[in-house]
Amino acid sequence: MNTRNNGNIENKQYPLLLTGTIDSRSFDGDGIDLKKRIESYENSLERYICETQFNPIVFVENSGYGFDATKFQNMAERNNKQFEFINGTVCKEEVKKHGKGYGDSLLIYEGLTKSKLLANVEFFYKITGRIFLMNSDKIIKSCFEHRNEFISYDGMGWVITYIFKANRLDYLKTMKNVFIQCDDRSRRDMEICFWLRLYDSDLDIGCFNTYPIISGNLGVTNTPYTKNSFDSFIRNLGIKMGIFTMKSKASRLFWKIYKIFTKREPYADITDLEKNID
């Protein structure tokens with residue numbers, strides 16, 4: 001389904017929802033460098049405001065840290081943009097019990113339902129707050145080709161959740177309470193729970209026309225999101241071939257061959273759909 005809207009093109013509005021947990025020491029341990037985490041969030045926010053076309057920009061955070069929202073509101077105004085900060089639910093016990101996916105998916109719901117700037121948008125981009133999307137100009141080029149854009153690993157039963165684009169109404173209809181399913185201990189990571197609901201839906205779901213290039217590392221493991229140029233080349237080739245497009249013919253063929261050669265079992269598959277919580 002084509003969602004091209006002349007009003008959106010003329011206004012060039014690319015709403016961005018950033019999620020974050022600034023002070024994660026309560027469940028990551030005292031080894032967390034809080035100063036470094038603060039710097040990483042503030043650096044990403046500054047770059048999104050000053051270096052990208054994303055606007056408005058909403059940051060929703062759930063640790064209760066005393067964030068200086070005024071600083072970034074003023075920065076946004078100087079760049080002819082809008083910025084909003086939202087205090088999300090501090091759910092430390094739930095995150096300890098069920099995993100970080102619970103907190104992040106709850107933040108998305110709260111960002112969409114509490115934000116004034118996102119109240120009437122057609123769609124939004126969600127990005128994890130501590131990382132920076134290096135190739136945002138290329139990512140947003142496919143903005144109006146599909147209502148929703150996810151990078152899907154159908155053969156493994158999960159989608160990328162650190163960045164995606166979703167139609168606001170579609171998301172609230174299908175994904176709003178997905179956090180109640182997230183539970184790392186029972187192998188129901190956020191990425192798997194998202195895939196189960198999306199795959200079982202009748203939503204218009206496409207994929208970006210290029211693979212995201214990310215500046216930033218994964219949590220306490222410190223593993224880079226984007227490994228190297230060769231890895232990016234291979235994944236971008238997969239994008240072009242349709243391998244990461246949900247329910248595509250190319251995806252079905254690739255993952256069938258992949259499983260034969262690797263013998264890897266998926267985290268979830270279509271047999272799990274009937275177990276999915278509504």
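Placed above this text is the structure.
Residues numbered from 1 in each chain as written. Predicted model: local features only at pLDDT ≥ 70, side-chain atom pairs only at ≥ 80, totals over all residues. Heavy atoms only, no water.

1. Thoughts on helix α10 (residues 229-241)
Helix length check: α10, at 13 residues, gives a terminal C-alpha distance of 18 Å against a target of 18 Å (1.5 Å per residue), a fit within 8%. When we look at burial in α10, the residues that qualify are D231, S232, G238 and I239. Taken down its axis, α10 places every buried residue within 120° of arc, on the same side. Residues of α10 that are exposed and point over 90 degrees away from its buried face: S229, F230, F233 and K240. Its side-chain oxygen at 3.2 Å from the backbone nitrogen of F230, N228 defines the N-terminal cap of α10. (Helix = DSSP H or I, 4+ residues; strand = E, 2+ residues; numbered from the N terminus. Expected span 1.5 Å × (residues − 1). Buried < 20%, exposed > 50% of the residue type's maximum accessible area, 1.4 Å probe, protein only. Arc of directions from axis to C-beta. Polar contact = N/O pair within 3.5 Å; in protein donor to acceptor, adjacent residues only side chain to side chain.)

2. Considering a nonpolar patch on the surface
Residues F230, F233, I234, L237 and M241 make up a contiguous nonpolar surface patch of about 530 Å² in total accessible area. Its location among the elements puts L237 in helix α10. When its relative accessible area of 39% is taken as the criterion, L237 is described as partly exposed. (Patch = residues over 30% accessible without salt bridge, like charges linked within 9 Å, V, L, I, M, F, W, Y side chains within 5 Å. Areas by Shrake-Rupley, 256 points an atom, 1.4 Å probe, with all protein chains shown as cover. Salt bridge = Lys/Arg side-chain N within 4 Å of Asp/Glu carboxyl O.)

3. A look at the pattern of salt bridges
On inspection of all chains with the given rule, the structure shows eight salt bridges. Salt-bridge contacts for E93 lead to K96; the nearest nitrogen and oxygen are separated by 3.9 Å. Highlighted residues: E93 and K96, both in helix α5 (residues 92-98), separated by three residues, approximately one helical turn. With a relative accessible area of 54%, E93 lands in the exposed category. Its salt-bridge partner being E149, residue K165 comes within 3.7 Å of it at the nearest N-O pair. In this pair, K165 is assigned in strand β9 (residues 163-167) and E149 in strand β6 (residues 148-149), connecting sequence segments 16 residues apart.

4. A closer look at the nonpolar core
Counting residues in hydrophobic clusters, the biggest one holds 45 residues, and the most contacted among them are F54, F83 and Y125. Of all elements in the fold, only β1 (16-20), α3 (34-51), β2 (57-61), α4 (69-78), β3 (83-87), β4 (123-128) and β5 (132-133) reach the threshold of two or more residues within this core. For this core, the leading source of residues is α3, giving six residues. Excluding its chain neighbours within four sequence positions, the residues that come into contact with Y125 are Y14, P15, L16, L17, F54, I139, I140, C143, E149, F164, K165 and F208. Core analysis: the next-biggest nonpolar cluster, separate from the first, contains 38 residues, V159, L172, M190 and I192 among them. (Core = buried A, V, L, I, M, F, W, Y, C linked by side-chain atoms within 4.5 Å. Contact = heavy atoms within 4.5 Å.)

5. Focus on the pairing of β9
Counting buried residues along β9, five of its five residues qualify, which places the element largely inside the surrounding structure. Where β4 meets β9, five bridges bridge the pair, whose relative direction is antiparallel. Looking at β9, one finds that I127 is bridged to I163. (Pairing = 2+ DSSP bridges.)

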